[in-house]
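Summary of the model geometry
These are the residues of each chain, in order.
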Amino acid sequence: MEWRGRRQSNNVEYSSGSGGSRGGGMRIPIRAGGGGIGVIVIALVLWLVFGVNPLQLLGMVDTGDYQTTQSQTTTRPKGARSETEQFVATVLADTEDAWGKRFQTAGESYAKPTLVFFDGRVGSACGSASAAMGPFYCPNDQKVYLDTSFFDQLRQQLNAPGDFAEAYVVAHEVGHHVQNLLGILPRYHEAIRGMSRADANALSVRIELQADCFAGIFAHDESSAGYLQSGDIGEATNAAEQIGDDTLQRRGQGTVVPDSFTHGTSAQRQQWFEAGYRSGDVEACDTLKGAI
Ligand SMILES: [Zn+2]
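Please read all numbers here as calculations on a predicted model, not as lab measurements.

Further remarks concern the pattern of salt bridges. Scanning the model with the defined rule gives 12 salt bridges in all. The closest approach of N and O atoms between E222 and R6, which form a salt bridge, is 3.8 Å. Placement of E222 in helix 7 (residues 197-224) and of R6 in the segment before strand 1 (12-17) is noted, with a sequence separation of 216 residues between them. The salt bridge involving D221 is made with R102; its shortest N-O contact spans 2.8 Å. Of this pair, D221 sits in helix 7 while R102 sits in helix 3 (residues 83-105), and the two are 119 residues apart along the sequence. For D221, a relative accessible area of 10% translates into the label buried. A relative accessible area of 17% means that R102 is categorised as buried.

Quick look at the structure:
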């Protein structure tokens, strides 16, 4: 991807995690938004009774674990950004353009998300997270959280190298922010209350495939602007394949359990990324109705 010398977003923060405790069973996440511990207790009860993942109820998207952390965020002068941080800030700027344009066309204004770089672990308004959980989006503070060491994992363990694989990951998280602004994410979190785990997982897959489609829309605009280099789209579709639930499960546990899918199969993730990429059109990303 051609990114050097282009605009970098200023909607970037740096979290200095203070290292919460690891292990020792489940801990209560710190929650900056309303609700507090009562919500967490209710979420845990719902989890035990209905089998709904409390993280889904607390609003985090894309996470699988949580631990206690306190962290403070700071900004940093642009010159102090690492190479990877500059790249991510450029991708973020491009997503701002892509979505700003589309919201404007619809007569709305696009409230830009903040991207928080963290190292190891971080506290968010949705609870605390560790780098092991991968990048995630928290609707309560409208922030995308990214530990850039995830990109090493993407390249080395998940067999998804290339800068545009990384861009796809960032654009997918921004896709969740767009879903939040469109009211899709709040309706999703409402809907999964009281659902069986299998049903909630099935709905999660639809939400995730839409975020992939939205990432494809970003790729569409990068292509139109002439920023793509040969192989970029292949890097993104390969990443979509490598992080499909069936592929991850086959690699991790040797067997595939479709009821436990939360993000969709490799084929689905590629297909929906490509639907967004080819069309550049939000209308082509309706994963919530019909066959996926
Ligand atoms: Zn996601």
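Picking up after the structure, the text goes on.
Now for the state of the cysteines. A full pass over the atoms with the stated rule returns 2 disulfides. Disulfide partner of C126: C138, at an S-S distance of 2.0 Å. A torsion of 85° about the S-S bond marks the disulfide between C126 and C138 as right-handed. Of this pair, C126 sits in the loop between strand 4 (121-124) and strand 5 (127-130) while C138 sits in strand 6 (residues 136-138), and the two are 12 residues apart along the sequence. In this model, C213 is linked to C285 through a disulfide, with the two sulfur atoms separated by 2.0 Å. What sets the handedness of the C213 and C285 disulfide is the S-S torsion sign, and at about -75° it is left-handed. Of this pair, C213 sits in helix 7 while C285 is found in the segment after helix 10 (266-279), placing the two residues 72 residues apart along the sequence. Since its relative accessible area comes to 0%, C213 is described here as buried. Sequential numbering of the bridged cysteines in the protein chain gives the disulfide pattern 1-2, 3-4.

Looking at the protein chain, pLDDT values average 86 and 82% of them are 70 or higher. Long-range and interchain partners of residues 19-35, a stretch whose pLDDT sits below 50, account for 37 contacts in this model, where long-range means more than four residues apart. In the model, residues 64-69 has pLDDT below 50 throughout and makes 35 contacts with residues more than four positions away in sequence or in other chains.

What follows covers the nonpolar core. Membership of the largest hydrophobic core comes to 58 residues, with the highest contact counts inside it found for V88, W99, L115, L154, F164, Y168 and V170. Looking at this core element by element, the count peaks at 11 residues for helix 7. Sequence-distant contacts of Y168, that is, excluding residues within four places in its chain, are made with D212, A215, A236, A239, A240, I243, R269 and F273.

With that settled, the discussion passes to helix 5 (residues 163-181). If you check helix 5, its first and last C-alpha atoms are 27 Å apart, about what 19 residues at 1.5 Å a residue would give, namely 27 Å. Counting buried positions along helix 5 yields 17 of 19 residues, so the element is predominantly enclosed. Looking one or two places after helix 5, you find G183, whose phi comes out positive at around 85°.

Moving on to the packing of helix 5 against helix 7. It is the contact of helix 5 with helix 7, at a shortest axis distance of 7 Å, that shows an interaxial angle of 120°. Put simply, helix 5 runs oblique to helix 7. Note on packing geometry: the crossing formed by helix 5 with helix 7 is right-handed. Along the contact surface, helix 5 presents F164, A167, Y168, A171, H172, G175, H176, V178 and Q179, while helix 7 presents I207, E208, Q210, A211, D212, F214, A215, F218, A219 and E222. Partitioning the contact of helix 5 with helix 7 into residue classes produces 11 nonpolar, 5 polar and 3 charged.

About the thresholds
- Residues numbered from 1 in each chain as written.
- Predicted model: local features only at pLDDT ≥ 70, side-chain atom pairs only at ≥ 80, totals over all residues.
- Heavy atoms only, no water.
- Salt bridge = Lys/Arg side-chain N within 4 Å of Asp/Glu carboxyl O.
- Helix = DSSP H or I, 4+ residues; strand = E, 2+ residues; numbered from the N terminus.
- Buried < 20%, exposed > 50% of the residue type's maximum accessible area, 1.4 Å probe, protein only.
- Disulfide = S-S within 2.5 Å.
- pLDDT = per-residue confidence, 0-100.
- Contact = heavy atoms within 4.5 Å.
- Core = buried A, V, L, I, M, F, W, Y, C linked by side-chain atoms within 4.5 Å.
- Expected span 1.5 Å × (residues − 1).
- Axes fitted to C-alpha atoms, helices over the stretch in contact; angles between N-to-C directions.
- Parallel < 35°, antiparallel > 145°, perpendicular 65-115°, else oblique.
- Left-handed = near helix turned anticlockwise from the far one by under 90°.
- Nonpolar A, V, L, I, M, F, W, Y, C, P; charged D, E, K, R; others polar.

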